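# Working through the structure, step by step
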Amino acid sequence: ASLDHRELLSAEAPAVIDAFERLRQKPDLLLCDGQGIAHPRGMGLAAHLGLWLERKQAEDALRKSEAKLRAQYQSIPIPTYAWQRIWDDIVLIGYNDAAMVATQGKVTDFVGIKAREMYHDMPEILEELSWCFAERSTLERERFYRLKITGEKKHLAMKYAFVPPDQVSVYTEDITERKRMEQCL
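All of the points below concern the structure found in this document. (Residues numbered from 1 in each chain as written. Predicted model: local features only at pLDDT ≥ 70, side-chain atom pairs only at ≥ 80, totals over all residues. Heavy atoms only, no water.)

Right, let's get into the nonpolar core. Counting residues in hydrophobic clusters, the biggest one holds 25 residues, and the most contacted among them are W83, Y119, I125, L129, Y160 and V168. Counting residues per element, the ones that place at least two in this core are β1 (80-86), β2 (89-95), α4 (115-118), α5 (123-135), β3 (138-146), β4 (153-163) and β5 (167-174). Excluding residues within four positions of it along the chain, Y119 makes contact with W83, I125, L126, Y145 and K148. Core analysis: the next-biggest nonpolar cluster, separate from the first, contains five residues, F20, L49, W52 and L53 among them. (Core = buried A, V, L, I, M, F, W, Y, C linked by side-chain atoms within 4.5 Å. Buried < 20%, exposed > 50% of the residue type's maximum accessible area, 1.4 Å probe, protein only. Helix = DSSP H or I, 4+ residues; strand = E, 2+ residues; numbered from the N terminus. Contact = heavy atoms within 4.5 Å.)

Laid out in structure tokens, this is it:
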């Protein structure tokens, strides 16, 4: 009895894909000789491998792009905090390296905290975060602020930026020294 096209592909494709994945150096060109005409739609092993290779290349490009964006985010020299809307809550989900330095590493203790818990005594920050989500827009504010994590008093320039579909990045620049200099003038 002869194999139909589904059995042929299920028998050949995994072995060819496995062999390709084991190659240390990937070829620029892969020639595949098969009988595509035996498939009802003319899509034999070569067509299936082509689709698989294209998908692998797209996945690799996406991984590289995501890694580059993560590196860019981490290297922003201004402390940056990522807040995400999860149902009716706004939750701290991430931060960059500058935020780690600014908080003396304590920001890690706050990942997962709800904004309404963190800022229960500062309703204006809750309103600003909520506004950014509702308006899908950016907002800038300057304020005197006691850091929750270290207790230090600082003057901050805060920039809120909506990041579709459900996040707001908050950039917090310490402008305490600038404000002190302005008062001296």
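What follows deals with the sheet that holds β4. Spatially, five strands are ordered β2-β1-β5-β4-β3 in an open sheet, and the strand pairing comes out antiparallel. Of all strands in the sheet, those bounded by a partner on one side alone are β2 and β3. Each strand of the sheet is rotated relative to its neighbour by a mean of 30°, with strand direction disregarded. Pairing between β4 and β5: eight bridges, direction antiparallel. (Pairing = 2+ DSSP bridges. Axes fitted to C-alpha atoms, helices over the stretch in contact; angles between N-to-C directions.)

With that settled, consider the packing of aromatic side chains. As enumerated under the stated definition, the model contains two aromatic pairs in all. Pairing W83 with Y119 gives two aromatic rings, centres 6.0 Å apart and planes at 50°, and the pair type is tilted. Here W83 is found in strand β1, whereas its partner Y119 is found in the loop between α4 and α5, with 36 residues between them in sequence. On the numbers, 6.3 Å between centres and 85° between planes, the contact of F133 with F162 is edge-to-face. Placement of the pair is F133 in helix α5 and F162 in strand β4, with a sequence separation of 29 residues. For the residue pair F133 and F162, the accessibility class agrees, reading buried in each case. The cationic tip of R85 hangs over the ring face of F133; the distance from NZ or CZ to the ring centre is 4.7 Å. (Phe/Tyr/Trp six-rings, centres within 6.5 Å; stacked < 30°, edge-to-face > 60°. Lys NZ or Arg CZ within 6 Å of the ring centre and 35° of its normal.)

Residue position: Q84 is located in strand β1. On a C-alpha basis, the gap between Q84 and S169 in space is 8.7 Å, while along the polypeptide they are 85 residues apart. Beyond its immediate stretch of four places on either side in the chain, Q84 contacts D89, I90, V91, I93, F133, D166 and Q167. For Q84, the side chain forms a polar contact with the side chain of D166, separated by 3.0 Å. (Polar contact = N/O pair within 3.5 Å; in protein donor to acceptor, adjacent residues only side chain to side chain.)

Scanning all chains against the criterion turns up 14 salt bridges. Put simply, R178 and E142 hold a salt bridge, and the shortest N to O gap is 3.1 Å. Of this pair, R178 sits in helix α6 (residues 176-184) while E142 is found in strand β3, placing the two residues 36 residues apart along the sequence. By relative accessible area, which is 43% here, E142 ends up partly exposed. Residue E182 is joined to R178 by a salt bridge in which the shortest nitrogen-to-oxygen separation is 3.5 Å. Of this pair, E182 and R178 both sit in helix α6, separated by four residues, roughly a single helical turn. Since its relative accessible area comes to 40%, R178 is described here as partly exposed. (Salt bridge = Lys/Arg side-chain N within 4 Å of Asp/Glu carboxyl O.)

Nothing here speaks to function; it is all geometry.
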